[in-house]
Amino acid sequence: MSELHTPRSLIVTLYGAYGRGFPGPVPVAELIRLLGAVGVDAPAVRSCVSRLKRRGLLLPERTESGAAGYTLSPAARQLLDDGDRRIYGAPAGEADGWVLAVFSVPEAERAKRHVLRSRLAGLGFGSAAPGVWIAPAGLHEETRHTLERLGLSPYVDLFRGEHLGFAATADAVARWWDLDRLAALHDAFLDEHAPVLAAWQDRSPGDAAPEEAYRDYLLALDSWRHLPYADPGLPAGLLPARWPGTRSASVFRALHERLRDAGARFAGGAAEQADGAGDGDDGPKSDRRPAAV
């Protein structure tokens, strides 16, 4: 989670939260305005846009009025859609089973072993044995998408099944994942964002200044969207008592319900102002859900 609140992370969070609601490309001027609200200056926005363009995630496109803008590539939309399922999916149940990724890479291509290990770890897999990685079964579709996109699928076999022993599954989970590290990540989220939620809960429901709601929501989402890739939603019955992930998920859900739509009014208002200046947008649709990438 070292990318937390960096310009690159925030621009991805912005596209996931609100960018898909724009009916066309998001004008560059709009990106600068919206990211400026969370402390990202214009040169940093332009630099991040250039990097995402080089990676094939953003595509340059003119708005109807001819202003410079960017739209998401199909690959980026797939990443964001997969991220939506991460952010809003329910934790796995013990009966749901597991997906196993077993890989074998020829010695001549051994550099790909590191790539595979890092990508599987980045998807939330735990290491069961050398070349054998495990995750809740609900991640199989995203895992397939990722491995195919990276050209790594020829080296991997995916299996779905259940753990039959011999150790207790809870004990095995504690070996496969570093639960102390995951708990620390949840605690860090709570330290930063639980006070924000408490402050909003002290206010009346109608007291939601759009720009303030947008800022607090985007920062919370930027923190939260990384967590389901470290902690893949392990079954609650296999985790230690008083697992902080339960509370961190509750805090994020409450912030989302309180702030997301209010923040969309700021994003929409900014788009309308840009439209008046010739950028040709009428703002994000309010039913778009945030996503991760």
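From a predicted model like this one, the values you see are computed outputs, not experimental measurements.

Our focus in this paragraph is helix α7 (residues 169-176). Among all positions in α7, only Ala172, Val173 and Trp176 are buried. Summarising the axial view, the buried residues of α7 lie within an arc of 105°, below the 170-degree limit, and thus occupy one face. Among the structural elements, β4 (98-103), β5 (126-129), β6 (132-136) and α8 (179-201) are those in contact with the buried residues of α7.

Moving on to the sheet that holds β4. The strand order across the open sheet built from four strands is β5-β6-β4-β7, with neighbouring strands paired in antiparallel fashion. Because the sheet does not close on itself, it has two edges, and the strands there are β5 and β7 (156-161). Going across the sheet, the axis of each strand differs from the next one's by a mean of 30°, ignoring polarity. Bridge count between β4 and β7: six bridges; the pairing is antiparallel. Bridge pairing links Ala101 to Leu158 in β7. Strand contacts of helix α5 (residues 111-122): β4, β6 and β7, with the helix running at about 170° to β4, the strand carrying the most contacts. Along the sheet face, α7 touches β4, β5 and β6 and points at about 105° away from the line of β5.

Here we come to the confidence of the model for the protein. Summary statistics for the protein give a mean pLDDT of 83 and a share of 90% for residues scoring 70 or more. When mean pLDDT is compared element by element in the protein, α8 scores highest at 94, while helix α11 (residues 244-276) scores lowest at 78. Contacts for the low-pLDDT stretch residues 269-293, under 50 throughout, to residues beyond four places or in other chains number 85 contacts.

The subject of this paragraph is helix α6 (residues 140-149). All of the buried residues along α6 are Glu142, Thr143, His145, Thr146 and Leu147. On its buried side, α6 packs onto α4 (74-88), α5, β7 and α10 (227-230). Just past α6, the residue Gly151 takes up positive phi, approximately 70°.

Moving on: the pairing of strand β2 (residues 58-62). In this sheet, strand β3 (residues 68-72) lies alongside β2 in antiparallel orientation, the contact comprising five bridges. Within β3, the residue paired with Leu58 across the bridge is Leu72.

So, on to the environment of Ala194. For Ala194, the position within the fold is in helix α8. Among residues more than four places away in sequence, those in contact with Ala194 are Phe189, Arg247 and Val251.

About the thresholds
- Here the residue numbering is sequential within each chain, running from 1 through the sequence in written order.
- Whole-chain, interface and lining totals are the exception, using all residues; otherwise, since this is a predicted model, local features are given only for residues with pLDDT of at least 70 and side-chain atom pairs are given and counted only at 80 or more.
- Note: side-chain values were computed over all heavy atoms of the structure, leaving out hydrogens and water.
- Residue exposure (1.4 Å probe, protein chains only): buried if accessible area is under 20% of the type maximum, exposed if over 50%, otherwise partly exposed.
- By definition, any uninterrupted DSSP run of H or I lasting at least four residues is a helix, any uninterrupted run of E lasting at least two residues is a strand, and each is numbered from the N terminus.
- Think of it as the arc spanned by the lines of direction from the helix axis to the C-beta atoms.
- Whether two residues are in contact is decided by their heavy atoms: any pair within 4.5 Å suffices.
- When DSSP finds two or more bridges between a pair of strands, those strands are recorded as paired.
- Angles run from 0 to 180 degrees between N-to-C directions of axes, and those axes are lines fitted to C-alpha atoms, restricted for helices to the stretch in contact.
- You can read pLDDT as the predictor saying how much it trusts each residue, on a scale of 0 to 100.

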